[in-house]
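Each chain is listed here by its residues.
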Amino acid sequence: MDLEIRDKAAIVTGASRGIGRAIIEQLAKEGVRILLVARDSTALEEAARQISDRYKVAIAIHVADLSQPGAAADVVDAAMAALGRIDILVNCAGATKRGDFFSLTDDDWVSGYALKFHGSVRMCRAAWPHLEKQNGSIINIIGIGSRTPSADFSIGGSVNSALVNFTKALADLGRKRGVRVNAINPGYIETDRLALRIDAIVAGGKKSRDEAISELLQTLGISRFGRPDEIGRLVAFLASPVSDYIQGATLDIDGGATKGI
């Protein structure tokens, strides 16, 4: 299927590793020119080199801490300077601290919202005029914690729920202004973050790694973990005119782990 996004211009935050890294791979494969944004300059430079060499598309990088209020405007300025337009914005930056509710500090809550929620809000606001000019698309990468609360994920769950609401609200504006706004809720995806969670199960229960993986899959009621490239392909689809009638949707990609409506 031709997704009709060759030569489009995208900003992808959280692009240096994990799901963000898989997203830039899939977009580049479709011929999209991309500004990669993250805090780790070394990882960004390596990702840019590999993607540019492999797919022969224009790749630029911008090092930024999106928890800082002025960072989003700087990212948009960098994208316009490097790419000349913005058709696609993918908000994928941000991780929140897990833990017992009573062990989480005010600083943990503030930092949890600062990057993932406020960073995404600011990126949408800064990029919006350019996206409106191109009838562009926003894709927010959120997480299944938005639909399934858990005691050890009170910060992340509430941040994710706020982003789902924000996505729907912005889509209501976008349907009048020609900007599509959608979201993806990844489930348990094979990234460094999941590896750390499995390591914690191993350490806490004196289990082998295989036993820990089997236990987690059984608890979740799924047959395997997801792959980052599966998220990347869905992003490419949602960024494409092929999905033009999808507006304000939040799509779970979790192997059926989420049981709620």
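Everything below is about the structure printed above this text.
Residues numbered from 1 in each chain as written. Predicted model: local features only at pLDDT ≥ 70, side-chain atom pairs only at ≥ 80, totals over all residues. Heavy atoms only, no water.

**Student:** Which residues make up the pattern of salt bridges, and what are the values?
**Tutor:** Using the criterion set out here, one finds 19 salt bridges in the structure. Put simply, E230 and R224 hold a salt bridge, and the shortest N to O gap is 2.8 Å. The buried category is assigned to E230, whose relative accessible area is 17%. The shortest N-O distance in the salt bridge between D229 and R233 comes to 2.6 Å. You can see D229 and its partner R233 sitting in helix α8 (residues 228–239), four residues apart, about one turn around the helix. A relative accessible area of 22% means that D229 is categorised as partly exposed. With a relative accessible area of 41%, R233 lands in the partly exposed category. (Salt bridge = Lys/Arg side-chain N within 4 Å of Asp/Glu carboxyl O. Buried < 20%, exposed > 50% of the residue type's maximum accessible area, 1.4 Å probe, protein only. Helix = DSSP H or I, 4+ residues; strand = E, 2+ residues; numbered from the N terminus.)

**Student:** Before we move on, can you summarise the side chain of T258 with the specific residues and values?
**Tutor:** With respect to the secondary-structure elements, T258 resides in the segment after β7 (250–253). Residue T258 is classed as buried on the basis of its relative accessible area of 14%. Side chain to side chain, T258 and D254 meet in a polar contact 2.6 Å long. Contact partners of T258, with chain neighbours within four places excluded, come to I144, R147, T148 and D252. (Polar contact = N/O pair within 3.5 Å; in protein donor to acceptor, adjacent residues only side chain to side chain. Contact = heavy atoms within 4.5 Å.)

**Student:** An account of the pairing of strand β3 (residues 59–63) is requested, with residue identities and associated values reported.
**Tutor:** Bridge analysis of strand β2 (residues 33–38) against β3 gives five bridges, and the strand direction is parallel. Of the residues in β3, the one forming a bridge with L35 is A60. (Pairing = 2+ DSSP bridges.)

**Student:** Kindly report on the nonpolar core, identifying the contributing residues and their values.
**Tutor:** With 37 residues, the main nonpolar core has I11, L35, L66, V75, L89, M123 and I138 as its most contacted residues. If you list the elements that add at least two residues to this core, you get β1 (9–13), β2, α3 (71–83), α4 (106–133), α5 (154–177) and β6 (180–186). No other element matches the eight residues that α4 contributes to this core. In this view, L35 contacts A10, I11, V12, A60, I61, H62, V75, A78, A79 and L83; residues no more than four positions away in its chain are not counted. Formed by 33 residues, the second largest nonpolar core is a distinct cluster that contains V12, L27, I51 and I88. (Core = buried A, V, L, I, M, F, W, Y, C linked by side-chain atoms within 4.5 Å.)

Coordinates in, geometry out; function isn't part of it.
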